[in-house]
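Report on the structure
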Amino acid sequence: MVHRSLPFVSLTAALVGLGALAPAMSTERDRHKPPPAPVSCAELASAPTLGNPSLRVSANVALSGSNVAYCQVNLLYSTSPEQNINIRVGLPLNSVDGGTGGVEGAWNGRTQGIGGGGCAGSLNVDAPVNAGYVGSGTDTGHTGGSCEPGVNPDGTYNLQFIQDFIRNAIKQQVILSKLVARAYYGVKPAYNYWNGCSTGGRQGYLLAQELGKELDGVLANAPAIYWTRFQTAQMWGQIVMKDLVGGPIAAAKLSQTTASAVAACDAADGVADGVIDDPRTCKFSATANICGTPTAPAANCLTPQEAEAIDKIWDGPRNAKENKIWFGLERGTNLSGLNGTNPFALGVTQFHWNEQDRNFDWKTVTEDGYPQVAQDGSRNIADVTDTFGDLDTFRHQGGKLLTFVGGNDQLIMPRGVINYYRQMASRYGKHGEPDFERLQRFYRLFRAPGVAHCGGGAGPQPQNLFNTLVNWVENDVAPDQILSQITTNGVTRTRPLCPYPQTAIYNGGGSTNDAANFHCGGNLEERRLVCADVLAKYKHEAKGNLDFKGTGVDRQECRRESHAYGRHDHHDHDD
Ligand SMILES: [Ca+2]
């Protein structure tokens, strides 16, 4: 690694001189100026603060391992002593620094922001830079992967920490990466992209919602949207296991019960491949695994209490009115991710955020007390964290949003993103009815059956997603399907992934291991499935009624559904 450490310098003056700050202020006079020329990485470092007194900048040519040499610009964005947002921009070498093969030097003319994971960002820009992009990353304003500092010891929120993590850092990352690219190459980027999964996926949604003019394409997979709501729900299983069983269920029992569910429901989708295509259709109950019953497995059978707890983990949290508060984990999902010996750390932290108390002990919360904790989170902090805004600006300026979510994501309940997708389908439908075809003109959600969080799991893995997005943005080739592939025990299976609510349907002939023998079709938005997933009203989780609009479905449709199945919804007053 060649790493020349340069002192922080003020970039302002030089970049102003280079004309890098004027892209939005083009005047008649500017048109007669020669176009700005590329500058060397060293010049970039000896230059400016990009016209922004909140910035400190360093730049050097970096080379590490098998990665290509590039101009690395490190920015410290800080508007107060409490704010320290580190941003890295990696620039393929321009023509001045010897780069070749691209539109300017080694650059392909595009930017690609890289997202983070968990409660952390990422400053690793190698992958996009190696592919010819200007890559960018941020630490989201803090080091390490803990969100505990979001609550101060005195019980107040550290909103600087939270806002920097949720939105400020990634917005500056995108804006400044474009500015630095313009300064270095003397040319504005032709296209600007985002690429992230999990927290990186949530970041992609936030940028599409709040910075819709700045990006042309967003790849946002397994997005951790509804941050407060789903992370609170990550604790649901631990609470029911504590209440019903006295503590965590043995991992071997969890995995046996998952295997039993898959065995029961796998073939119902038409192909016995070890994957439940749409787990919402699987009604397998863990009570089938109770020891001593005829259906119990030979090993790792369950006590009645364990079976009840697992059924509740699949069902998700409900309030006293039996209204659903959030979604559960799907049948077929590895239950140990959230329901192991120790709870998932971000879920524990989320309870601290909800209650504004770093010492709040989740073990004091019972099943009956859960809805109040969920409501506290919604009322106290979810408006800041939950990333559920609209996509109006992004859509209007022609942006494209592409998402895959694993059908057996073990950390983020996949129905959450389906819920948002349906809401947007209603928003951009004609009469408030979900219209997925209209939505898919700019936003496509691909379910990946059997796939876990951001990848892994028993299902075929999505292939080539980012280039698919680029092709959609630049060539207007909307993906009607995405290839997925997995090799197990020497056998390779391929399968098309389909834009929700379509799914891959076997044509009836040929190998079920070959994607060519499937087509995208059908409609997974069955009323009985959708209406069962309507949630209690946001901020009224403790005693609230169902909020049909919040799930993007028509109340009357679900009423008819409810009567058809002999169920009722409740009409008491919200509290
Ligand atoms: Ca199957």
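Residues numbered from 1 in each chain as written. Predicted model: local features only at pLDDT ≥ 70, side-chain atom pairs only at ≥ 80, totals over all residues. Heavy atoms only, no water.

Some thoughts on the overall build of the chain
- A tally of regular secondary structure across the chain gives 19 helices and 14 strands.
- Against the 2.2 N^0.38 benchmark of 25 Å for 575 residues, the chain shows a C-alpha radius of gyration of 25 Å, consistent with a compact globule.
- Each principal axis of the C-alpha distribution contributes one length, and for the chain these read about 80 × 65 × 50 Å.
- In the chain, buried positions account for 57% of the 575 residues.
- Contacts in the chain between residues at least 24 apart in sequence constitute 68% of all its contacts with a sequence separation of at least 6.
- For the chain, the accessible area works out to roughly 22700 Å², and carbon and sulfur atoms hold 50% of it. (Helix = DSSP H or I, 4+ residues; strand = E, 2+ residues; numbered from the N terminus. Rg over C-alpha atoms; globule rule 2.2 N^0.38 Å. Buried < 20%, exposed > 50% of the residue type's maximum accessible area, 1.4 Å probe, protein only. Contact = heavy atoms within 4.5 Å. Areas by Shrake-Rupley, 256 points an atom, 1.4 Å probe, with all protein chains shown as cover.)

Brief notes about the pairing of strand β8 (residues 400-406)
- Here β8 lies mainly inside the structure; seven of its seven residues are buried.
- In this sheet, β8 lies alongside strand β7 (residues 217-221) in parallel orientation, the contact comprising three bridges. The residue bridging L219 from the neighbouring strand is L402, located in β8.
- Here β8 pairs with strand β9 (residues 443-448) via six bridges, running parallel. The partner of G406 across the bridge, within β9, is A448. (Pairing = 2+ DSSP bridges.)

Regarding the packing of aromatic side chains
- Evaluated as defined, the whole model comprises 24 aromatic pairs.
- Ring plane angle 10 degrees and centroid distance 4.0 Å describe the contact between W107 and Y185, whose orientation is recorded as stacked. Taken together, the residues span a long stretch of sequence, with W107 in the loop between β3 (85-92) and β4 (110-114) and Y185 in helix α5 (residues 159-185) at a distance of 78 residues.
- Take W107: its relative accessible area is 0%, and that puts it in the buried class.
- For Y185, a relative accessible area of 0% gives the class buried.
- Seen in terms of ring centroids, F351 and Y370 are 6.5 Å apart; in terms of plane orientation they differ by 50 degrees. Their pairing is tilted. Residue F351 is found in helix α12 (residues 345-355), and its partner Y370 is found in helix α13 (residues 370-385); the two are separated by 19 residues along the sequence.
- Note on F351: relative accessible area 0%, which makes it buried.
- An aromatic cluster of at least three residues, connected via ring pairs, comprises Y205, Y420, Y421, Y428, F436, F442, Y443 and Y500.
- In this arrangement the basic side chain of R202 is found over the ring face of F165, its NZ or CZ atom lying 5.5 Å from the centre. (Phe/Tyr/Trp six-rings, centres within 6.5 Å; stacked < 30°, edge-to-face > 60°. Lys NZ or Arg CZ within 6 Å of the ring centre and 35° of its normal.)

A few points about helix α6 (residues 199-210)
- For α6, spanning 12 residues, the distance from its first C-alpha to its last is 16 Å, which sits close to the expected 16 Å at 1.5 Å a residue.
- Taken across its 12 residues, α6 has 11 buried, putting it largely inside the fold.
- All buried positions along α6 are accounted for by T199, G200, G201, R202, Q203, G204, Y205, L206, L207, A208 and Q209. (Expected span 1.5 Å × (residues − 1).)

Quick word on the sheet that holds β9
- Spatially, nine strands are ordered β1-β2-β3-β5-β4-β6-β7-β8-β9 in an open sheet, and the strand pairing comes out mixed. The open sheet terminates on both sides in strands that have one partner only, identified here as β1 (55-62) and β9. The average angle at which neighbouring strand axes cross in this sheet is 15 degrees, direction not considered.
- Pairing geometry for strand β6 (residues 191-197) and β7, over five bridges, is parallel. What sits directly across from G196, in β7, is A220.
- Strand contacts of helix α17 (residues 465-475): β4, β6, β7, β8 and β9, with the helix running at about 150 degrees to β6, the strand carrying the most contacts. (Axes fitted to C-alpha atoms, helices over the stretch in contact; angles between N-to-C directions.)

Structural notes on the environment of M241
- Following the sequence through the fold, M241 ends up in helix α8 (residues 236-244).
- Given a relative accessible area of 0%, M241 falls into the buried group.
- As a C-alpha pair, M241 and V473 span 232 residues in sequence and 47 Å in three-dimensional space.
- With sequence-adjacent residues up to four places away left out, M241 is seen in contact with G246, G247, P248, I249, A309, I313 and N339.

Notes on the coordination of the calcium ion
- Coordination of the calcium ion by the protein is provided by D266 (O), D266 (OD), D269 (OD), D269 (OD), V271 (O), D273 (OD) and V275 (O), with metal-donor distances spanning 2.3 to 2.6 Å.
- Sequence spacing of the donors to the calcium ion: D-x2-D-x1-V-x1-D-x1-V.
- On the basis of relative accessibility, which here comes to 33%, the residue D269 falls in the partly exposed class. (Donors = N, O, S within 2.8 Å, 3.2 Å for Na, K, Ca; no water.)

What to know about the pairing of strand β2 (residues 70-77)
- Along β2, eight of the eight residues are buried, which leaves the element largely enclosed by surrounding structure.
- On β2, burial covers both faces: Y70, Q72, N74 and L76 on one face and C71, V73, L75 and Y77 on the other are all buried.
- In this structure, β1 lies alongside β2, joined through eight bridges in antiparallel fashion. From the neighbouring strand, S58 faces β2, where its bridge partner is N74.
- Pairing between β2 and β3: eight bridges, direction antiparallel. Directly across from C71, in β3, lies its bridge partner L91.

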